Amino acid sequence: MTPHEIRDNVFAQLKAKKIPQAEFGLFFTTKHELNLNNGQITLLRTTQNSRFSLSVINQKQQNGVANINKIDPEYLTQSVSSAIDIAKASPKDAAHAIAPYQNPQTFHKGLEAPDLEKMYTRFHTFQTQVKKQYPKIVLEDTILSFTQSTRFYQNTNGVDFKEYLGSYLFNTCFTAKDGKHTSSFNGTAFNTLDLDQELLDYATISSLFSQITEQTHLKSVPTHFVGDLIITPDCLIDFIEYFISIYLSESALISGTSILKDSLQKLVASPLFSLHSQPLSSDMATNYFMTGDGFAAQNSTIIDQGVLRGFLLGLYGARKIGQARAVNDGDNYVVDPGQHSYKELIKNTRQGILLCRFSGGDPSSSGDFSGVAKNSYYIKNGKIQYPVNETMIAGNILEMFKNILAVSQERINFGDAILPWIAFSGISVSGK
Amino acid sequence: MTMDLKKYQSLFKNYTELRVQKTESKHLCFVKGENTVSEKTISSGVSARSYKNGFWGFASHSELDESSLKTVIRQANDNAAFLSSKTVQKSKSFPATVNHHSVNTFCTTKPRKSFNEIMAFVQEIDQYIFRKYSKLLTRGLTLSCLDMEKTLLTSDETLAYSMVPRTLLCVFLDIEKDQEPIELYEVFGGLGQFEDYFSDPKLLYPKIDQLYEDLMLKKEGVYAKAGIKECILDSEVSGILAHEAIGHTTEADFVLGGSIAKDYLDQQVASPLISLIDFAHTFQGQTCPIPVYIDDEGTKAQDTIIIDQGVLQGFMHNKETALKFNVPPTGHARAFKFSDEPLIRMRNTAILPGDNSIKEMIASIEDGYYFKKPGGGQADSTSEFMFAIEQGFEIKNGKLGRALKNTTISGLAFEVLKSVSMVSDDFQWSVSGMCGKKQLIPVSDGGPALKCRVNVGGRA
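A quick note: this is a predicted structure, and the numbers were derived from the prediction, not measured.

(A) Quick peek at the overall build of chain B. Scanning chain B from terminus to terminus reveals nine helices and 24 strands. Relative to a compact globule of 460 residues, whose C-alpha radius of gyration would be 23 Å, chain B shows 24 Å and is just as compact. Overall size of chain B, expressed as C-alpha extent along the three principal axes, is 70 × 55 × 40 Å. The buried share of chain B, taken over its 460 residues, is 53%. Within chain B, contacts between residues separated by at least 24 positions form 73% of all contacts whose residues are at least 6 apart in sequence.

Quick look at the structure:
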């Protein structure tokens, strides 16, 4: 069945059952994945999946959602019945709604199919280079994949969107072993539309490999202190996501736990910090062009020189709390560069930690966090001293972003985010 | 969902697994009385995995017709052949194994409830909390009902069918202090379907009352003091220690990947009071929360003794690592979705109970902490771990003191286990675990309470 045949079939059934509003997403994904195991490429996977996700709103403003990964008339009928039954059982809620009519659009980005031979060649070269250049490194889960996804969105207001995406994703997890000394594992990933460079040359891979070979001999920091924290681009994304989840997300705002719920257009972070969500950015390999609730996506600024410009609310959340809807679903985060080089950030640190990976539970709803600094370094008097172990850091997410000392000029493009190094002050650090 | 897979066996060119799966879930979410999620998801499909000259090919498809089954078998063969054509590699074949025919189902025997009845049950609990505890900043209830159904056929002619459901109701309460939210949660349910756990909302009220009382204590909580402290890790925390910090380092694929446990086999790695086992399906005569009888490679699942009285005894294996280590496979190859290949995964990982009562353990500590509820955790190949602590108390002069704000504990797990000086005589499973290792998969862990020395990440 074509998406329009599905639309006609489903909406006719809903009309017969007097359902006034409905929307569905239709997803098809094909993935090719090369996996490395114990330093050898030993697994090739090809997976195909589909998903039909139907959301209905009945005349009493009750909502029900049914998802199924089969596309044929029998299953569609089953989904329609299921979504209607769920809606009947659900409480009424005036906030349920679907996107208004927009002109039909089709979006394309990337390739339709992978170059499997090229994937193998790049991966094989990577494996050979790592063995030669970084003999102490043990590659763990390391995967080069290509995903082609097709997404259709239709609703009873006539929204008709189609999106075709295809890109490569490389992720690697690794440790270093030196005799009986083992480092902590570290990992990184990047997205790309092509494989024009060797894998080692993308994003932060080679610098992390250099770092980990010196992380088999570690020391704890000498004392407990309150100092600075320089967070690397690989690690920064975790803290941005904590910030959004605790203070700006739909769930935090509906539940009322966000302490920034009344802070729109107010200063909530250092003026040195500007955060954007750019799903349409041509600088990144992965994009999305429509939101999950049926709007054409746009780029947005979430925090502008410290001032909160918007929450990450979908249509439901926006109507629920009476705030503006975000023009995208978040992700594709970009942080503006600063005035100082990375070297200057280190040089200006009297005592602190270069945080390369954070191992911690999710921060509490107040933003308090604590966790272990992994694959990280002790900084003293403007110089990186040594890699650390058993070193804990603690602070508060909101306070941290208020206490930014500097943002680096250099940024890393991971293909789905563009991020700098950021130096924060006032972090509790405790050694063993 | 029963399918005759045997008719496809003639298409198996190499060692092959053919798996058909259906996962059905219901998900309900209430936040502050608002029903933010009410949905049902059905996902089914088929996968095949083929092994040739040391290389694996895998393919999956969401359709379940004859053509799709034939396609995935062919594609898996082709994928293994593609890799095999690139490199010559010496590899052994898997030894022939005894075939097993197994049927294990944990469907409820009680009359099934409709979505409407389930919704009404959750709403009633929500309203109970709303009416009784008006000072709360917010409240949340999340119900997750997951039915996992699998049929597996291997080229060894093992044929296994299982239906393993898990139902979890998570209740969280938030209260405000100094304009900051303070939260505590509790999870109810476990192996089985909704009807097996939730007959009457009133049965949960005493537990919710207890959760509220604990939240009031936490509201007045203090920051833990940073540093190495003598502590009691209650069963939920000792369970996560067993899973995250020890379990993962002893999965044979991690051992091959450089885990520190590789160098510790047959050595004293913990106090003699510590024995740690990954159970396949039964402990103390009871079915474990994640029972595995035949794994997704067709191996009969065995209990695996990882640490016996402090000595590291063995690792968890699939067929491939067992071949490399020259030991029998232990039945740890598991896949969650139909589109996942089996990986070495834990099942029910626990430290065995000891002889001490919690009371005497608390009484033995002059200045330390009692950590009751974890909030998530991570560990790595060195056994260094970090766990968030959502609920804990001071111990002063042998008695429980003030509640704690959220904190974190960390250390090297093998060092922490060496410091264990008392082990409680009770035991409890934690039933809600989801383990992430390339794929998510349900797991359980459990244990007694342990008295040990651990690094507390409070305020400096």
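(B) Highlighting the overall build of chain A. Each helix and strand counted, chain A has nine helices and 21 strands in total. For 432 residues, the compact-globule formula gives about 22 Å, and the C-alpha radius of gyration of chain A, at 24 Å, lands near that figure. Considering chain A as a whole, with its 432 residues, one finds that 53% of them fall into the buried category.

(C) Inspection of the domain arrangement of chain A at higher detail. All names here are of chain A. Domain parsing of chain A yields domain 1 (3–213) and domain 2 (224–430). Residue-level contacts link 28 residues of domain 1 with 23 residues of domain 2. Listing elements by their share of the side of domain 1 that touches domain 2, those giving two or more residues are strand S4 (105–110), strand S5 (137–155), strand S6 (160–178), strand S8 (186–192) and helix H4 (205–213). Here the side of domain 1 that touches domain 2 gets six residues from one element, more than from any other, and that element is S8. Along the lines of polarity and charge, the residues of the side of domain 1 that touches domain 2 split into 13 nonpolar, 12 polar and three charged.

(D) Seen up close, the domain arrangement of chain B. All names here are of chain B. Segmentation of chain B into domains returns domain 1 (6–219) and domain 2 (227–456). Relative to domain 2, the C-alpha centre of domain 1 lies at a distance of 22 Å. If you look at the interface, domain 1 gives 34 residues, while domain 2 gives 21 residues. With six residues, the single largest contributor to the side of domain 1 that touches domain 2 is strand S2 (residues 34–52). When the residues that make up the side of domain 1 that touches domain 2 are grouped by side-chain class, the tally is 11 nonpolar, 15 polar and eight charged.

(E) How the structure looks around the pairing of strand S18 (residues 383–387) of chain A. Residues and elements named next belong to chain A. Pairing geometry for strand S17 (residues 377–380) and S18, over four bridges, is antiparallel. Bridge assignment links Tyr 377 to a residue of S18, and that residue is Pro 387. Counting the residues in the hairpin turn of S17 and S18 gives two residues, including Asn 381, whose phi is positive at 50 degrees.

(F) Structural context of the environment of Gln 61 of chain A. With respect to the secondary-structure elements, Gln 61 of chain A resides in the loop between strand S2 (40–57) and strand S3 (63–68). Along the primary structure Gln 61 of chain A and Phe 243 of chain A are separated by 182 residues, whereas in three dimensions their C-alpha atoms are 33 Å apart.

(G) How the structure looks around the interface of chain A and chain B. The partner chain B presents 68 residues to the 65 residues of chain A that form the contact. For the side of chain A that touches chain B, the element with the most residues is S2 of chain A, which contributes 10 residues. The class makeup of the residues in the side of chain A that touches chain B is 20 nonpolar, 32 polar and 13 charged.

(H) Examining helix H3 (residues 116–133) of chain A more closely. All names here are of chain A. The first and last C-alpha atoms of H3 sit 25 Å apart over 18 residues, in line with the 26 Å expected at 1.5 Å per residue. Buried residues of H3: Met 119, Arg 122, Phe 123, Phe 126 and Val 130, and no others. Within H3, the buried residues cover an arc of 95 degrees as seen down the axis, which keeps them to one side. Facing away from the buried side of H3, by more than 90 degrees, are the exposed residues Glu 117, Thr 128, Lys 131 and Lys 132. The secondary structure elements touched by the buried residues of H3 are strand S1 (21–37), S2 and S5.

(I) Just the packing of helix H2 (residues 73–89) of chain A against helix H2 (residues 115–132) of chain B, in detail. Across the interface, H2 of chain A lies against H2 of chain B with an axial gap of 9 Å and an inter-helix angle of 35 degrees. Here H2 of chain A and H2 of chain B pass one another in a crossing that is right-handed. Mapping the contact onto sequence places Asp 85, Ile 86, Lys 88 and Ala 89 of chain A in H2 of chain A and Phe 115, Asn 116 and Met 119 of chain B in H2 of chain B. The class makeup of the residues in the contact of H2 of chain A with H2 of chain B is four nonpolar, one polar and two charged.

(J) Quick peek at the packing of helix H1 (residues 3–16) of chain A against H2 of chain A. All names here are of chain A. Direction vectors running N to C along H1 and H2 enclose 40 degrees, while the axes themselves pass 10 Å from each other. Compared by their axis directions, H1 and H2 come out oblique. In terms of crossing hand, the pair formed by H1 and H2 is right-handed. Of H2, the residues touching H1 (which contributes Ile 6, Asn 9, Val 10, Gln 13 and Leu 14) are Pro 73, Leu 76, Thr 77 and Val 80. Of the residues that constitute the contact of H1 with H2, the class distribution is six nonpolar, three polar and no charged.

(K) Spatial organisation of the sheet that holds strand S16 (residues 348–351) of chain B. All names here are of chain B. Taken in spatial order, the six strands line up as S13-S12-S9-S16-S23-S22 in an open sheet, and their pairing is mixed. The sheet is open, and its two borders are formed by strand S13 (311–312) and strand S22 (428–437), each paired with just one other strand. Judged from the eight bridges that link them, S22 and strand S23 (residues 439–447) form a sheet pairing that is antiparallel. Bridge pairing in S23 links Gly 433 to Val 443. Helix H5 (residues 235–247) contacts strand S9 (276–279), strand S12 (304–308), S16, S22 and S23 of the sheet and is inclined by roughly 130 degrees relative to S23.

(L) Structural context of unusual backbone geometry. Here the phi dihedral of Asn 332 of chain A falls at roughly 45 degrees; this positive angle occurs in a residue that is not glycine. When you line up the elements, Asn 332 of chain A lands in the loop between helix H7 (315–321) and strand S13 (333–335). In this model, Gln 284 of chain B sits at a positive phi of 50 degrees, which is unusual for a non-glycine residue. Considering the arrangement of structural elements, one finds Gln 284 of chain B in the loop between strand S10 (282–283) and strand S11 (286–287). For Gln 284 of chain B, a count of 9 C-beta atoms within 10 Å translates into the label exposed.

(M) Seen up close, H4 of chain A. Residue and element names in this part refer to chain A. Considered for burial, the residues of H4 that qualify are Ile 205, Leu 208, Phe 209, Gln 211 and Ile 212. The buried residues of H4 occupy one face: seen down the axis, they fall within an arc of 160 degrees. Turning to H4, the residues buried within the fold contact S5, S6 and S8.

What counts and what doesn't
Residues numbered from 1 in each chain as written. Chains lettered and ligands numbered in written order. Predicted model: local features only at pLDDT ≥ 70, side-chain atom pairs only at ≥ 80, totals over all residues. Helix = DSSP H or I, 4+ residues; strand = E, 2+ residues; numbered from the N terminus. Rg over C-alpha atoms; globule rule 2.2 N^0.38 Å. Buried ≥ 20, exposed ≤ 12 C-beta atoms within 10 Å, placed from the backbone. Contact = placed C-beta atoms within 7 Å. Domains from an automatic or database assignment. Nonpolar A, V, L, I, M, F, W, Y, C, P; charged D, E, K, R; others polar. Pairing = 2+ DSSP bridges. Expected span 1.5 Å × (residues − 1). Arc of directions from axis to C-beta. Axes fitted to C-alpha atoms, helices over the stretch in contact; angles between N-to-C directions. Left-handed = near helix turned anticlockwise from the far one by under 90°. Parallel < 35°, antiparallel > 145°, perpendicular 65-115°, else oblique.

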